[in-house]
Amino acid sequence: MIATSERVRGYGLDPDRLVWHVPVGAVVDDFQAIACSDEEGLAVPSGERDVPLRLEVADESWCPQCLSLVSAADE
């Protein structure tokens, strides 16, 4: 699935995490709209990548809201 990542900084000794979001539309002025929010998005996004639904990389996850919206659209 096409996705763009958000880096979530870890606290203390916790590692940083990547959260994958479903992008909506094109990047405009270094801002990428995402499926899970009508108001928020990613500033200076990482670019779009083809990301598997089943992630097997440590400290990476899908945004649960983005996945539920995509699953609902497929039904």
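Structure: above.
We now turn to the structure provided with this report. (Residues numbered from 1 in each chain as written. Predicted model: local features only at pLDDT ≥ 70, side-chain atom pairs only at ≥ 80, totals over all residues. Heavy atoms only, no water.)

1. A word on the sheet that holds strand E7 (residues 60-62)
We apply this condition: Should DSSP find at least two bridges between two strands, the strands are regarded as paired. Secondary structure elements follow DSSP: runs of H or I no shorter than four residues count as helices, runs of E no shorter than two count as strands, and numbering proceeds from the N terminus.
As summarised here, the arrangement of the 4 strands in space is E6-E1-E2-E7, forming an open sheet in which the pairing is mixed. Every other strand in the sheet has two partners, leaving strand E6 (49-50) and E7 as the edge strands with one partner each. Judged from the 2 bridges that link them, strand E1 (residues 2-8) and E6 form a sheet pairing that is antiparallel. Directly across from Ala3, in E6, lies its bridge partner Arg49.

2. Overview of the side chain of His21
Operational definition: Only heavy atoms matter for contacts: two residues are in contact if any of them lie within 4.5 Å across the pair.
Topologically, His21 is positioned in strand E2 (residues 17-21). Among all residues touching His21, those that are not within four sequence positions of it are Ile2, Ala3, Thr4, Glu6, Ile34, Cys36, Leu42, Trp62, Cys63 and Cys66.

3. As for the state of the cysteines
Definition in use: Cysteine sulfurs are considered disulfide-paired once they come within 2.5 Å of each other.
Summed over the entire model, instances satisfying the criterion amount to 0 disulfides. The closest cysteine sulfur to the non-disulfide-bonded Cys63 is located on Cys36, 3.7 Å from its own sulfur.

4. Quick notes on the nonpolar core
Just so we agree on the cut-off: Only buried residues count toward a nonpolar core, which is a set of Ala, Val, Leu, Ile, Met, Phe, Trp, Tyr and Cys residues joined through side-chain atoms within 4.5 Å. Burial status follows relative accessibility: with a 1.4 Å probe on protein chains alone, a residue under 20% of its type maximum counts as buried, one over 50% as exposed, and anything between as partly exposed.
By size, the foremost hydrophobic cluster in this structure holds 10 residues: Ala3, Leu18, Val19, Trp20, Val22, Val51, Trp62, Cys63, Cys66 and Val70. Among the secondary structure elements, those contributing two or more residues to this core are E2 and helix H1 (64-74). Of all the elements, E2 adds the most residues to this core, at 3 residues. Ignoring anything within four residues of it in the chain, the contact list for Val22 reads Met1, Ile2, Ala33, Ile34, Ala35, Trp62, Cys66 and Val70.

5. A look at the pairing of E1
Pairing geometry for E1 and E2, over 5 bridges, is antiparallel. Note on E2: the bridge partner recorded for Ser5 is Trp20.

6. Here's the deal with unusual backbone geometry
Located in the positive-phi region is Asp30, a residue other than glycine, with phi close to 60°. In this fold, Asp30 is placed in the loop between strand E3 (23-28) and strand E4 (31-34). You will see that Asp59, though not glycine, has its phi angle at about 65°, which is positive. Assignment of secondary structure puts Asp59 in the loop between E6 and E7.

By themselves these figures say nothing about function.
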